[in-house]
Amino acid sequence: MSTRDRRNKGLLFFPDQDDWAEMKETRRLTQEMNTVDRADFDKIRSIVNKLLGKSDETTFINPPFCCDYGSNIFVGKNFFANYNCVILDNAKVTFGDNCMLGPNVSLYTAGHPLHPDIRNTGYEYGMEITIGNNVWIGGNVVICPGVHIGDNSVIGAGSVVTKDIPEWSLALGNPCKVIRRITEEDKKYYYRNKTLEEGRFNQ
């Protein structure tokens, strides 16, 4: 079984020559992306689309950005990630449509065995992360291996997400926990008790 196959199955693996070759090419692309003129949005978008496993013209990532492979990251329509996003994509990372990531968000599929005797062998693993449609992830959030976040949920800034979050949830904290459900009542407001009428929102 190849290293890629082992990674895809969530088994322990040690990077082989093919892995290192892919990671080197990914670092070249992220180096280019992170040093390009920050106002050249078309160039940035072009590099992003070369880098990721699936994206389109509606995808945008504000540099700097770091990932291991890129080919394991799959994004839906209207994906946006703000500055300093880190995605360690040993395993697949999948985003639905209309996902937004605040600055300094980190997603880690990569992990290492708990016991030092096993960990010190250099073996690692990757567990898939799945983010649903219409999810907003606040700044400085960390999402740990194997986590699934349901559709239409919001993760508050600074949270550390160690377990699955169901759909239509406002969740925050360390460890991240569901605070309440997002309901139709929330349509009336854009920030705390500020109404859409105050903000002159026209739908």
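Residues numbered from 1 in each chain as written. Predicted model: local features only at pLDDT ≥ 70, side-chain atom pairs only at ≥ 80, totals over all residues. Heavy atoms only, no water.

Colleague: Would you mind showing me how to read the sheet that holds strand β7 (residues 100-101) here?
Modeller: An order of β1-β4-β7-β12-β15-β17-β18 is seen for the seven strands of this open sheet, with the pairing classed as mixed. Two strands close off the open sheet at either side, each with one partner strand: β1 (60-61) and β18 (177-181). Where β1 and strand β4 (residues 80-81) come together, two bridges link them in parallel fashion. Bridging across to β4, F60 finds its partner in F80. (Pairing = 2+ DSSP bridges. Helix = DSSP H or I, 4+ residues; strand = E, 2+ residues; numbered from the N terminus.)

Colleague: Whenever I open this one, the packing of aromatic side chains confuses me. Can you help?
Modeller: Aromatic rings in a pair are described by how distant their centres are and how their planes are angled relative to each other. Counted under the stated rule, the structure contains three aromatic pairs. Between F41 and F60, the ring centres sit 5.6 Å apart and the planes meet at 90°, which makes this aromatic pair edge-to-face. Of this pair, F41 sits in helix α3 (residues 41-51) while F60 sits in strand β1, placing them 19 residues apart in sequence. Plain terms: the ring middles of F79 and F95 are 4.7 Å apart, the flat faces sit at 55° to each other, and that makes the pair tilted. Linking F79 in the loop between β3 (73-74) and β4 with F95 in strand β6 (residues 93-95), this pair joins segments that are 16 residues apart in sequence. Neither residue differs from the other here; F79 and F95 are each classed as buried. (Phe/Tyr/Trp six-rings, centres within 6.5 Å; stacked < 30°, edge-to-face > 60°. Buried < 20%, exposed > 50% of the residue type's maximum accessible area, 1.4 Å probe, protein only.)

Colleague: Mind showing me how you'd approach the side chain of D19 here?
Modeller: Structurally, the position occupied by D19 is in helix α2 (residues 17-35). When near neighbours in sequence (up to four residues on either side) are disregarded, D19 contacts T3, R7, F13 and Y69. (Contact = heavy atoms within 4.5 Å.)

Colleague: Would you mind showing me how to read the pairing of strand β17 (residues 169-172) here?
Modeller: Along any regular strand, the residues point their side chains to alternate faces of the sheet. Residues S169 and A171 point to one face of β17 and are all buried, whereas L170 and L172, pointing to the other face, are not buried. As judged from the four bridges shared by β17 and β18, these two strands associate in the antiparallel manner. From the neighbouring strand, A171 faces β18, where its bridge partner is V178. Between β17 and β18, which pair antiparallel one after the other, the connecting turn spans four residues, and G173 there sits at a positive phi close to 110°.

Colleague: For this particular structure, what's the right way to read α2?
Modeller: The α-helix advances 3.6 residues per turn, and as a result positions three or four apart in sequence lie on the same side. For α2, which comprises 19 residues, the first-to-last C-alpha distance of 27 Å matches the rise-based estimate of 27 Å (1.5 Å per residue) to within 8%. Considered for burial, the residues of α2 that qualify are D19, E22, M23, T26, L29, T30, M33 and N34. On an axial view of α2, the arc spanned by its buried residues comes to 130°, and they lie on one face. Exposed and oriented more than 90 degrees from the buried face of α2 are Q17, K24, R27, R28, Q31 and T35. Looking at the buried positions of α2, the neighbouring elements they touch are α1 (3-8), α3, β1 and β2 (65-67). (Expected span 1.5 Å × (residues − 1). Arc of directions from axis to C-beta.)

Colleague: Hey, could you run me through the environment of S106 in this one?
Modeller: The topology assignment puts S106 in strand β8 (residues 106-108). Setting aside anything within four residues of it in sequence, one finds S106 in contact with V86, V141, V142 and I143. Reaching out from S106, the side chain makes a polar contact with the side chain of Y108 at a distance of 3.4 Å. (Polar contact = N/O pair within 3.5 Å; in protein donor to acceptor, adjacent residues only side chain to side chain.)

Colleague: Could you clarify how one ought to interpret the packing of α2 against α3 in this entry?
Modeller: Describing two packed helices takes the angle between their axes plus the distance from one axis to the other. Between α2 and α3, the shortest axis-to-axis distance is 10 Å and the interhelical angle comes to 165°. Comparing their axes, α3 and α2 come out roughly antiparallel. α3 is crossed by α2, and the crossing has left-handed handedness. Of the residues in α3, those in contact with T26, L29, T30, E32 and M33 of α2 are K43, I44, I47, V48, K50 and L51. (Axes fitted to C-alpha atoms, helices over the stretch in contact; angles between N-to-C directions. Parallel < 35°, antiparallel > 145°, perpendicular 65-115°, else oblique. Left-handed = near helix turned anticlockwise from the far one by under 90°.)

Colleague: What am I meant to see in the sheet that holds strand β5 (residues 85-88) here?
Modeller: What holds strands together in a sheet is hydrogen bonding between their backbones, with the strands either parallel or antiparallel. Spatially, the five strands line up as an open sheet ordered β2-β5-β8-β13-β16, and their pairing is parallel. A strand with exactly one partner marks an edge of an open sheet, and here the two such strands are β2 and β16 (160-161).

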